[in-house]
Amino acid sequence: MTRYSFYLLFHLILVSTSILARDIPEDSVKRVATLQTIFEKDYGHSKASLEYINFAAQETKKDTSWLKIGGALRLNTIYTKYEGKTFPLGTEGRNDWTWDTWRINVDSYSDGLQLSFEYRFYPTFNTHFIKYGWIGYRFNPSTNLQFGITQVPFGLLTYASHSWWFMTPYYVGLEDDHQIGFNFTKDLEHWRFNIAYFLLSEPRGTNELSYGVASSARYSYDVVPIPGNSNIERRQVNLRAARKLKSGEIGLSLQTHEVYNQQTSHTGRQFATAIHFENNWGRLNLKTQALYYNFKDVQDDNGSILDFVQMGAYGFGTYDVASEAAMYTIGIAYDIPVQWGPIRNIQLYNDYTYMQKMGEIQINGQSQKFAPTHMHVPGALISAGKIYCYFDIARGINQPWLTDSFGGNSIGSGRGINYLEPISATNPIDQKPNWNTRLNINLGYYF
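Notes on the structure follow.

Overview of the overall build of the chain
Here's step 1: Within the chain, the regular secondary structure consists of four helices and 22 strands.
Here's step 2: The buried share among the 447 residues of the chain stands at 52%.
Here's step 3: Taking all contacts inside the chain whose residues are at least 6 apart in sequence as the whole, residues at least 24 apart take part in 64%.

Focus on the pattern of salt bridges
Here's step 1: This structure, assessed with the given rule, holds 14 salt bridges.
Here's step 2: Two residues, aspartate 176 and lysine 131, come together in a salt bridge whose shortest N-O distance is 3.7 Å. Taken together, the residues aspartate 176 in the loop between strand S6 (143-151) and strand S7 (178-187) and lysine 131 in strand S5 (residues 127-140) connect sequence positions 45 residues apart. Exposure class is identical for aspartate 176 and lysine 131. Each is buried.
Here's step 3: Glutamate 258 serves as the salt-bridge partner of arginine 234, at 2.7 Å between the closest nitrogen and oxygen. With arginine 234 in strand S10 (residues 231-245) and glutamate 258 in strand S11 (residues 248-261), this pair connects stretches of sequence that are 24 residues apart.

Focus: the nonpolar core
Here's step 1: Formed by 66 residues in total, the largest nonpolar core has its most connected members in Trp165, Tyr171, Val172, Tyr221, Tyr293 and Tyr314.
Here's step 2: Of all hydrophobic cores here, the second largest spans eight residues; its members include Ile69, Trp102, Ile104 and Phe121.

Regarding the pairing of strand S1 (residues 65-82)
Across a regular strand the side chains alternate sides, sitting on one face of the sheet and then on the other.
Here's step 1: Across twelve bridges, the pairing between S1 and strand S3 (residues 98-110) is antiparallel. Considered in S3, the bridge of leucine 67 is made with serine 108.
Here's step 2: Across ten bridges, S1 lies against strand S22 (residues 436-446) in antiparallel orientation. Looking at S22, one finds that arginine 74 is bridged to glycine 444.
Here's step 3: As judged from the two bridges shared by S1 and strand S2 (residues 85-86), these two strands associate in the antiparallel manner. Bridge pairing in S2 links lysine 81 to threonine 86.
Here's step 4: Between S1 and S2, which pair antiparallel one after the other, the connecting turn spans two residues, and glutamate 83 there sits at a positive phi close to 50°.

Here we look at the pairing of S22
Here's step 1: Note that strand S21 (residues 387-397) and S22 share ten bridges and pair antiparallel. Paired with alanine 394 across the bridge in S22 is arginine 438.

Considering the side chain of arginine 218
Here's step 1: Following the sequence through the fold, arginine 218 ends up in the loop between strand S8 (191-201) and strand S9 (222-223).
Here's step 2: In this structure the side chain of arginine 218 is engaged in a polar contact, spanning 3.2 Å, whose partner is the side chain of aspartate 222.
Here's step 3: With sequence-adjacent residues up to four places away left out, arginine 218 is seen in contact with Phe129, Ser201, Glu202, Arg204, Val224, Gly312, Ala313, Tyr314 and Gly315.

With respect to the environment of aspartate 404
Here's step 1: Of note, aspartate 404 is situated in the loop between S21 and S22.
Here's step 2: It is 9.2 Å that separates the C-alpha atoms of aspartate 404 and tyrosine 419, two residues lying 15 residues apart in sequence.

Thoughts on the packing of aromatic side chains
Here's step 1: Evaluation of the coordinates by the stated rule reveals 37 aromatic pairs.
Here's step 2: For the ring pair phenylalanine 129 and tyrosine 314, a centre distance of 5.9 Å and an interplane angle of 80° mean the geometry is edge-to-face. With phenylalanine 129 in strand S5 and tyrosine 314 in the loop between strand S14 (308-312) and strand S15 (318-322), this residue pair connects regions lying 185 residues apart in the sequence. Summarising the burial analysis for this pair, phenylalanine 129 and tyrosine 314 share the class buried.
Here's step 3: Judged by centre distance (5.7 Å) and plane angle (90°), the rings of tyrosine 170 and tyrosine 221 are edge-to-face. Taken as a pair, tyrosine 170 in the loop between S6 and S7 and tyrosine 221 in the loop between S8 and S9 lie far apart in primary sequence, 51 residues in all.

A look at the side chain of arginine 103
Here's step 1: The residue arginine 103 is located in strand S3 in this model.
Here's step 2: Taking the relative accessible area as the measure of exposure, arginine 103 reaches 1% and is therefore buried.
Here's step 3: Reaching out from arginine 103, the side chain makes a polar contact with the side chain of asparagine 105 at a distance of 3.0 Å.
Here's step 4: Beyond its immediate stretch of four places on either side in the chain, arginine 103 contacts Leu50, Glu51, Ile53, Gly70, Gly71, Ala72, Arg74, Glu118, Tyr119, Arg120, Tyr446 and Phe447.

As for the environment of isoleucine 130
Here's step 1: Positionally, isoleucine 130 belongs in strand S5.
Here's step 2: For isoleucine 130, a relative accessible area of 15% gives the class buried.
Here's step 3: Isoleucine 130 has contacts with Phe117, Glu118, Tyr119, Ile149, Pro203 and Tyr219, leaving out every residue within four places of it along the chain.

As for the sheet that holds S14
Here's step 1: A sheet is described by the order of its strands in space; here three strands give the open sequence S9-S14-S15, paired in antiparallel fashion. The sheet terminates laterally at S9 and S15, the two strands that pair on one side only.
Here's step 2: Pairing geometry for S14 and S15, over five bridges, is antiparallel. Residue pairing for S15: methionine 311 is matched across the bridge by tyrosine 319.

Focus: empty space enclosed by the protein
Here's step 1: Across all of its chains, the model carries three cavities of 30 Å³ or more by this definition.
Here's step 2: Along its surface, the largest cavity is lined by Val152, Phe154, Leu156, Leu157, Gly173, Leu174, Glu175, Asp176, Asp177 and Gln255.
Here's step 3: In terms of residue class, the lining of the largest cavity is built from five nonpolar, two polar and three charged.
Here's step 4: Of the voids in this model, the second largest cavity is the one considered here, and its volume is about 40 Å³.
Here's step 5: Residues that form the lining of the second largest cavity fall into these classes: three nonpolar, six polar and three charged.

Concerning a nonpolar patch on the surface
Here's step 1: Residues Leu73, Leu75, Trp97, Trp99, Ile387, Leu443 and Tyr445 make up a contiguous nonpolar surface patch of about 630 Å² in total accessible area.
Here's step 2: At the level of elements, S1 and S22 are the ones that each hand at least two residues to the nonpolar patch.
Here's step 3: Its location among the elements puts leucine 443 in strand S22.
Here's step 4: You can call leucine 443 partly exposed: its relative accessible area is 34%.

What counts and what doesn't
- Residues numbered from 1 in each chain as written.
- Predicted model: local features only at pLDDT ≥ 70, side-chain atom pairs only at ≥ 80, totals over all residues.
- Heavy atoms only, no water.
- Helix = DSSP H or I, 4+ residues; strand = E, 2+ residues; numbered from the N terminus.
- Buried < 20%, exposed > 50% of the residue type's maximum accessible area, 1.4 Å probe, protein only.
- Contact = heavy atoms within 4.5 Å.
- Salt bridge = Lys/Arg side-chain N within 4 Å of Asp/Glu carboxyl O.
- Core = buried A, V, L, I, M, F, W, Y, C linked by side-chain atoms within 4.5 Å.
- Pairing = 2+ DSSP bridges.
- Polar contact = N/O pair within 3.5 Å; in protein donor to acceptor, adjacent residues only side chain to side chain.
- Phe/Tyr/Trp six-rings, centres within 6.5 Å; stacked < 30°, edge-to-face > 60°.
- 1 Å grid on protein atoms, 1.4 Å probe; cavity = no way out; pocket = protein on both sides within 12 Å on 5 of 7 lines; lining within 4 Å.
- Points joined across faces, edges and corners; volume = space filled by probe spheres on them.
- Nonpolar A, V, L, I, M, F, W, Y, C, P; charged D, E, K, R; others polar.
- Patch = residues over 30% accessible without salt bridge, like charges linked within 9 Å, V, L, I, M, F, W, Y side chains within 5 Å.
- Areas by Shrake-Rupley, 256 points an atom, 1.4 Å probe, with all protein chains shown as cover.

All we've got here are geometric facts, nothing functional implied.
In structure tokens, the structure reads:
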């Protein structure tokens, strides 16, 4: 579907709802959505409430009906110091304002039946795709079933991060992942349980092939096929249990899925587990997590076992991901209510991830361990009515997006001394790389 089709669809929705609101008899107003209720929303003042809407999932009453339509328009600018170099303003889209994202959200609820949908456009990359789209049923306030493209119940939900960025688990498919299947949620007095099954990863969207392979046009990072390595994810099972606390939760997650080679029909497997803790103390929020994953017996089209898998998203190509690693994340945020003109809240945050890779490579007859990945993002989210602005200072070592040479082997073996070249006998893994830094400002209007 083209962006012009979405403009037309959105216009028709506006016209139909305004006609509906105009022609309703007064005694029927309570049963029919009006423009005010359709567009009235509370986005809160944190990433969890702002970026992952899902109003349909939040509704616990069964005997109510409503429709909500919304979305966001976001601009972005960056200033970088990568590999020890800065870049002049306005160079090739760097250090200049670009149109980051626009998206459309539709949520509907009718006597227990749910619908939630989000579609995103990224003009800078010339790509667009569905983030999620599911139907569900609220059996009662404690029992819910979602079916379609829905969020995978793994680790910290809905995000491990506070910033415009994600924590490193996202970049290996273990934060805010979405797949095609079902997710069953059951709440007890002190527990919440999730059982989910996903037949396939989410469908790909559309991208400009000069940026990356077509299989990478998607929101979530997944194992995707590339020439010579035709692997995909399928038949995924997730189990998650969270013990409710007074103002948070502590939980355990388990995940496994097949890694199927479409060329050879060989099947490998991924295993992952996570322990997480999140709690609020007044205005202070803390998120912590430890996770481990392992890709077992994953092969390329020639039958060779891989030390890396290829993952991609955003239509921006693929990169190496180490087949076995552990990650440790911690994020802290503090809300400061203010009354500065339209500004109502400032949330300060500081997020950090350490990724320990288990692999090694033979170079010049010697074994060299994979280099770790670090990601550190201090920043602030400013809320002013329907306008929200993230100010982030993102810093990374071997982080695939924080570099002048996207992707590559940064989250696999780690960069070589010459970061532009593959690891080789003359270009061993750099064991003392410098931090790369990116000032990122993201300004959004959420309606």
